[in-house]
Amino acid sequence: MSASIDTLGTKRVLMIVANPGTSPTTGWPVGFWWAEVTHPYWTFTEAGYEVEIVSPKGGDLMADGFSDPEDDSQYSAHDIISLGFKKSATHSALLEGTKPIAKVSLDDYDAVFVAGGQSPMVTMIDDEELHAFIAKAYEAGKVVSIVCHGTSILLKTRLSNGDLLVKGKTWTGFADAEEQFADDFVGQKIQPFWIEEEARKLDDTNFVVQSVFKPFAVRDGNLITGQQQFSGAAAAELVVETLGR
């Protein structure tokens, strides 16, 4: 691991959360997924880390409805960690008026953690400034962790030599079987593309998935990825194992 990572003082994590967008397939407003922010945040802060939440473009952030523990669907009613974060004035304020990554100095952080949700499939997939930021963090030896639909950016993020960041890497992300379950649940196609389907078209990379909607994260060097919304804490734990407590 690069000497640029602080192994003595307090560790600092830059959490990048997607800006709001609109799905081109459903017409729904889309945003971040609560558990993919709050569960890693809990893991990092319990380890004594400092966490700063930013977004690619800055400004107020919005969560996907199904991820809200108070949503009428009750899809995430079990998520008391997100409920507590949402109800805390101090914590919920961290999602308001976020700093854009253009105003972030990577030198100030030991790790970058990209949360998912439905928005990354729309707002992050073609965001070349974000891709360059992630590549820069990776090449600087920072731990780069990305979960769920946030891993869509790895389909296009290239290093300074022109290679995809995931060339020769083992990584994970939202599985085709999980996409099919979600489509069946709502009765229509949700995402404009499927990450696993696209990843398997790439040469010289190893995309892996495990059981549907079970925690799963994998580390390959300083790249850590998580499969879906139940994998945020698992990915964060791998970050902590890598950096130390």
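Note that this is a predicted model, so its numbers are computed, not measured.

### Side note on the overall build of the chain
- The helix and strand inventory of the chain stands at eight helices and eleven strands.
- Scaling as 2.2 N^0.38, a compact globule of 245 residues should have a C-alpha radius of gyration of about 18 Å, and the chain matches this with 16 Å.
- Projected onto the principal axes, the alpha-carbon positions of the chain cover approximately 50 × 45 × 30 Å.
- Per-residue burial for the chain yields a buried fraction of 54% across its 245 residues.
- A fraction of 74% describes how many contacts in the chain between residues 6 or more apart in sequence connect residues 24 or more apart.
- Working note: accessible area of the chain is about 10300 Å², and carbon and sulfur atoms make up 50% of it.
- Within the chain, the 35 negative side-chain charges are centred at a point lying 5 Å from the centre of the 19 positive side-chain charges.

### Observations concerning the sheet that holds strand β1 (residues 12–16)
- As summarised here, the arrangement of the seven strands in space is β5-β4-β1-β6-β7-β11-β10, forming an open sheet in which the pairing is mixed. Strands with a single pairing partner mark the edges of an open sheet, and in this sheet they are β5 (99–100) and β10 (217–220).

### Quick word on the packing of helix α1 (residues 34–46) against helix α8 (residues 232–243)
- α8 packs onto α1 with a crossing angle of 30° between their chain directions and a minimal axis gap of 8 Å. Considering the angle they form, α1 stands roughly parallel to α8. For the crossing formed where α1 meets α8, the hand is right-handed. Facing H39, P40, T43 and F44 of α1, the residues of α8 in contact are G232, A233, A236, E237, V239 and V240.

### Description of the pattern of salt bridges
- This structure, assessed with the given rule, holds twelve salt bridges.
- With a closest N to O distance of 2.8 Å, K86 and D68 form a salt bridge. Residue K86 is located in helix α2 (residues 80–87), and its partner D68 is located in the loop between β4 (50–55) and α2; the two are separated by 18 residues in the primary sequence.
- The network of salt bridges with shared partners includes D68, E70, K86 and K87.

### Structural notes on the environment of P69
- Among the secondary structure elements, P69 is positioned in the loop between β4 and α2.
- The class for P69 is buried, based on a relative accessible area of 8%.
- Expressed as a C-alpha distance, the spacing of P69 and A111, which sit 42 residues apart in the sequence, is 28 Å.
- Discounting chain neighbours no more than four positions away, the residues touching P69 are W34, Q74, S76, A77, D79, S82 and L83.

### Here's the deal with the UniProt feature "domain: DJ-1/PfpI" (unreviewed entry) in the chain
- Here, the residues flagged by UniProt with the feature "domain: DJ-1/PfpI" (unreviewed entry) are residues 35–230.
- Taken as a whole, residues 35–230 contains 29% helix and 15% strand, while its terminal C-alpha atoms sit 8 Å from one another.

### What to know about the environment of L202
- Tracing the sequence through the fold places L202 in the loop between α7 (195–199) and β9 (206–207).
- The class for L202 is partly exposed, based on a relative accessible area of 22%.
- When the C-alpha positions of L202 and L164 are compared, they lie 9.4 Å apart, and in sequence the two are 38 residues distant.

### What about the packing of aromatic side chains?
- Scanning the model with the defined rule gives 14 aromatic pairs in all.
- The interplanar angle of 85° and the centroid separation of 4.8 Å between the aromatic rings of W171 and F207 together place this pair among those described as edge-to-face. With W171 in strand β8 (residues 170–171) and F207 in strand β9, this pair connects stretches of sequence that are 36 residues apart.
- Classification of W171 by relative accessible area gives buried; the value is 0%.
- For F207, a relative accessible area of 4% gives the class buried.

### Let's talk about the packing of α1 against α2
- Running from N to C, α1 and α2 point in directions that differ by 90°, and their axes come no closer than 9 Å. Judged on the interaxial angle alone, α2 and α1 are roughly perpendicular. Residues W34, A35, T38, H39, Y41 and W42 of α1 form the contact with α2, whose own contacting residues are I81, S82, F85 and K86.
- Considering only residue class, the contact of α1 with α2 consists of six nonpolar, three polar and one charged.

### As for unusual backbone geometry
- Positive phi outside glycine occurs at D204, with the angle close to 55°.
- Locating D204 in the fold gives a position in the loop between α7 and β9.
- Of note, the phi angle at F213 is positive, near 55°, even though the residue is not glycine.
- With respect to the helices, strands and loops of the structure, F213 is situated in the loop between β9 and β10.

### Points about α8
- Spanning twelve residues, α8 covers 17 Å between terminal C-alpha atoms, matching the ideal 16 Å at 1.5 Å per step.
- Residues G232, A235, A236, L238, V239, V240, T242 and L243 constitute the buried set of α8.
- Buried-residue contacts for α8 involve α1, β6 (111–114), β7 (143–147), β10 and β11 (223–226).
- The positive-phi residue at the C-terminal boundary of α8 is G244, with phi of around 95°.

Calculation notes
- Residues numbered from 1 in each chain as written.
- Predicted model: local features only at pLDDT ≥ 70, side-chain atom pairs only at ≥ 80, totals over all residues.
- Heavy atoms only, no water.
- Helix = DSSP H or I, 4+ residues; strand = E, 2+ residues; numbered from the N terminus.
- Rg over C-alpha atoms; globule rule 2.2 N^0.38 Å.
- Buried < 20%, exposed > 50% of the residue type's maximum accessible area, 1.4 Å probe, protein only.
- Contact = heavy atoms within 4.5 Å.
- Areas by Shrake-Rupley, 256 points an atom, 1.4 Å probe, with all protein chains shown as cover.
- Lys, Arg positive; Asp, Glu negative; His and termini not counted.
- Charge placed at Lys NZ, Arg CZ, Asp CG, Glu CD.
- Pairing = 2+ DSSP bridges.
- Axes fitted to C-alpha atoms, helices over the stretch in contact; angles between N-to-C directions.
- Parallel < 35°, antiparallel > 145°, perpendicular 65-115°, else oblique.
- Left-handed = near helix turned anticlockwise from the far one by under 90°.
- Salt bridge = Lys/Arg side-chain N within 4 Å of Asp/Glu carboxyl O.
- UniProt positions renumbered as here; feature names shortened; annotations may be inferred.
- Phe/Tyr/Trp six-rings, centres within 6.5 Å; stacked < 30°, edge-to-face > 60°.
- Nonpolar A, V, L, I, M, F, W, Y, C, P; charged D, E, K, R; others polar.
- Expected span 1.5 Å × (residues − 1).

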